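# Secondary and tertiary structure notes
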2 protein chains.
Amino acid sequence: MNSLEQLTSKSAATQTHEATTANLYWHGGKVTRSQKEANQGHRAAVVWFTGLSGAGKSTLANDLESILYRRGVRTVVLDGDNIRHGLCSDLGFGATDRHENLRRVGEVCKLFVEAGVIVLAAFISPFRVDRERVRGMVPHGDFIEVHVNCPLEVCENRDPKGIYRRVRSGEILEFTGISSPYEAPINPELRIDTNKLSCQASTQNVLDYLAQRGVL
Amino acid sequence: MNSLEQLTSKSAATQTHEATTANLYWHGGKVTRSQKEANQGHRAAVVWFTGLSGAGKSTLANDLESILYRRGVRTVVLDGDNIRHGLCSDLGFGATDRHENLRRVGEVCKLFVEAGVIVLAAFISPFRVDRERVRGMVPHGDFIEVHVNCPLEVCENRDPKGIYRRVRSGEILEFTGISSPYEAPINPELRIDTNKLSCQASTQNVLDYLAQRGVL
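In this text, all values refer to a predicted model and were calculated from it rather than measured experimentally.

Conventions and cut-offs
- Residues numbered from 1 in each chain as written.
- Chains lettered and ligands numbered in written order.
- Predicted model: local features only at pLDDT ≥ 70, side-chain atom pairs only at ≥ 80, totals over all residues.
- Helix = DSSP H or I, 4+ residues; strand = E, 2+ residues; numbered from the N terminus.
- Buried ≥ 20, exposed ≤ 12 C-beta atoms within 10 Å, placed from the backbone.
- Contact = placed C-beta atoms within 7 Å.
- Pairing = 2+ DSSP bridges.
- Axes fitted to C-alpha atoms, helices over the stretch in contact; angles between N-to-C directions.
- Parallel < 35°, antiparallel > 145°, perpendicular 65-115°, else oblique.
- Left-handed = near helix turned anticlockwise from the far one by under 90°.
- Expected span 1.5 Å × (residues − 1).
- Arc of directions from axis to C-beta.
- pLDDT = per-residue confidence, 0-100.
- Nonpolar A, V, L, I, M, F, W, Y, C, P; charged D, E, K, R; others polar.
- Core = buried A, V, L, I, M, F, W, Y, C linked by C-beta atoms within 7 Å.

## Some remarks on the overall build of chain A
A count of helices and strands for chain A gives ten helices and five strands. Within chain A, buried positions represent 48% of all 216 residues. Pairs at least 24 apart in sequence give 74% of the contacts found in chain A among residues at least 6 apart.

Next comes the structure, spelled out in structure tokens:
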């Protein structure tokens, strides 16, 4: 059954033809991403925030969304909160599942980009291979990697949810930056040092970059 | 690491507080779905087209998107084409995988609805239990089930991709409506008889319903 759902969904063009033949009126054609972008006055893109826990990824993503919302820009924030509890609630935390988690996130990014939306994705995403895979899922130039950089000591000091404390007490065994590696981006589109910049300056840096790249 | 990504992503509020304390300026708060809806002048919803292969689900979804695009309405079309080749490319066609396929589609619907977008979902989705599960994933009233109804003989006669022919020749063993059941919606929000209505009338019916429900 389902192997055919694909085929069926591809049949719009043919159906259009058949329907026309039968004197029915079908619009048929799909609305493309560029049409949507033209309509709304900005491009779609994936802005991918990667960095240690506590570096400020989600805050930065949500802050940007607030600003872009006021400008009428279409955005979505994707983070562990809405992914791990929903789309990836069936996944565990072993190596395979962690890769699968980010693969699915990448596929969702693709759907949003195709719909003309700017994705603000906030994931620790410690491994280069996973980030590069997501980059490869969207058209060239549409993946903007933002390294939300902050020294471990500062992140640990912020420790907003007491996670680092639980790591140090041995309650959590594996944690990025401590017992598990974080592979910093080698050549990210943007690097934001959240221990040096205010949030205003941090978001402004991203906004400037998006404007410079013609996304906004 | 990843068990904590969830926690980290929830830490925005706390970080906001800490940052404020440090005389930094963080906007913090998330932009809600209702704010997005208010900004764009229409509500979000899931319009779920279910029906036999060849009944016209994808055509109807794409046709509606064309019309809504011209009205500046934010939409996305989800169908087997962009789901089975991407997000669910790891899934097979056994019973478990078919349920998982629609569970993920439901989760993606949720993300788009949260982002203020009207989802036009075209899936055979033959089983009530799967459709009801998706209904349960979005806020009450936001799931609009449209039964794209068309007699099997008509679908088989249209057979745009020659699928039914392959079923009849025995090349395809299991197919909805022939060797596998299609559980028609008992009380769908809308029923469109595509063998009786023109496409114009069909799309108009959906548009009228969306207006009546206050989505548009």
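There's more to say after this.
## Some words on the sheet that holds strand β2 (residues 75–79) of chain B
Residues and elements named next belong to chain B. Reading across the sheet, the five strands line up as β2-β3-β1-β4-β5 and stay open at both edges, with parallel pairing between neighbours. The strands lining the two open edges of the sheet, one partner per strand, are β2 and β5 (190–193). Strand-to-strand twist across the sheet, computed as the mean angle between neighbouring axes with direction ignored, equals 20 degrees. Here four bridges tie strand β4 (residues 143–149) to β5, and the two strands are oriented parallel to one another.

## Observations regarding the sheet that holds strand β3 (residues 118–122) of chain A
All names here are of chain A. The parallel open sheet is built from five strands, whose spatial order is β2-β3-β1-β4-β5. Only two strands of the sheet have a single neighbouring strand rather than two, namely β2 (75–79) and β5 (190–193). Direction aside, neighbouring strands of the sheet carry axes that sit 20 degrees apart on average. The pairing of β2 with β3 spans five bridges and is parallel.

## Observations regarding the packing of helix α5 (residues 80–87) of chain A against helix α6 (residues 95–114) of chain B
Interhelical geometry of α5(A) versus α6(B) gives an angle of 150 degrees and a closest axis separation of 10 Å. By the angle between their axes, α5(A) is roughly antiparallel relative to α6(B). In this structure, α5(A) crosses over α6(B), and the sense of that crossing is right-handed. Contact with α5(A), carried on its side by N82(A), G86(A) and L87(A), involves R104(B), E107(B), V108(B), K110(B) and L111(B) of α6(B) and no other residues of that element.

## Side note on helix α10 (residues 199–212) of chain A
Residues and elements named next belong to chain A. Between the first and last C-alpha of α10 there are 20 Å, a value that for 14 residues agrees with the 20 Å anticipated at 1.5 Å per step. Turning to α10, its buried residues are C199, S202, T203, V206 and L210. The buried residues of α10 occupy an angular sector of 90 degrees when projected down its axis, which confines them to one face. Seen from the open side of α10, the exposed residues pointing more than 90 degrees away from its buried face are D208, A211 and Q212. G214 sits one or two positions beyond α10 and adopts a positive phi of about 80 degrees.

## Side note on the environment of T75(A)
Residue and element names in this part refer to chain A. Secondary-structure assignment places T75 in strand β2. Under the C-beta neighbour-count criterion, T75 is labelled buried, with 25 such atoms within 10 Å. Between the alpha carbons of T75 and F112 there is a distance of 8.9 Å; along the sequence they are 37 residues apart. Once residues lying within four places of it in the same chain are set aside, the contact partners of T75 are E65, L68, Y69, V117, I118 and L120.

## So, helix α7 (residues 128–137) of chain A
All names here are of chain A. All of the buried residues along α7 are D130, R131 and V134. Taken down its axis, α7 places every buried residue within 95 degrees of arc, on the same side. Exposed residues pointing more than 90 degrees away from the buried face of α7 are listed as V129 and G136. Residues of α7 that are buried in the fold lie against β1 (45–50), α6 (95–114) and β4 (143–149).

## Description of the confidence of the model for chain A
Residues and elements named next belong to chain A. In this model, chain A carries an average pLDDT of 88, and 87% of its residues clear a pLDDT of 70 or more. Counting contacts from residues 1–28, a segment whose pLDDT is below 50, to residues more than four positions away or on other chains yields 73 contacts. Complex prediction metrics read pTM 0.87 and ipTM 0.86.

## Some points on the packing of α6(A) against α7(A)
All names here are of chain A. The geometry of α6 relative to α7 is characterised by a closest axis approach of 9 Å and an angle of 25 degrees between their N-to-C directions. Relative to α7, the element α6 lies roughly parallel. Regarding α6 and α7, the two cross each other, and that crossing is right-handed. Seen from α6, the contacting residues are H99, L102, R103, V105, G106, E107, C109 and K110; seen from α7, they are D130, R133, V134 and M137. Residue classes in the contact of α6 with α7 are distributed as five nonpolar, two polar and five charged.

## With respect to the pairing of strand β3 (residues 118–122) of chain B
Residues and elements named next belong to chain B. In terms of burial, β3 is largely enclosed, as five of its five residues are buried. The side-chain alternation of β3 yields two buried faces, one formed by I118, L120 and A122 and the other by V119 and A121. Here five bridges tie strand β1 (residues 45–50) to β3, and the two strands are oriented parallel to one another. Across the sheet, the residue bridging to V47 is L120, located in β3.

## Topic: the environment of V206(A)
All names here are of chain A. If you trace the backbone, V206 turns up in helix α10. Residue class for V206 comes out buried when judged on the 23 C-beta atoms lying within 10 Å of it. The spatial distance from the C-alpha of V206 to the C-alpha of A61 is 10.0 Å, given a sequence separation of 145 residues. Excluding anything up to four places from it in sequence, V206 contacts V47, L64, V146 and L190.

## Overview of the nonpolar core
Core analysis: the biggest nonpolar cluster contains 92 residues, and V47(A), V119(A), A121(A), V47(B), V119(B) and A121(B) have the highest contact counts within it. Beyond its immediate chain neighbours, meaning those up to four positions away, V119(B) contacts V46(B), V47(B), V76(B), L78(B), C109(B), F112(B) and V113(B).

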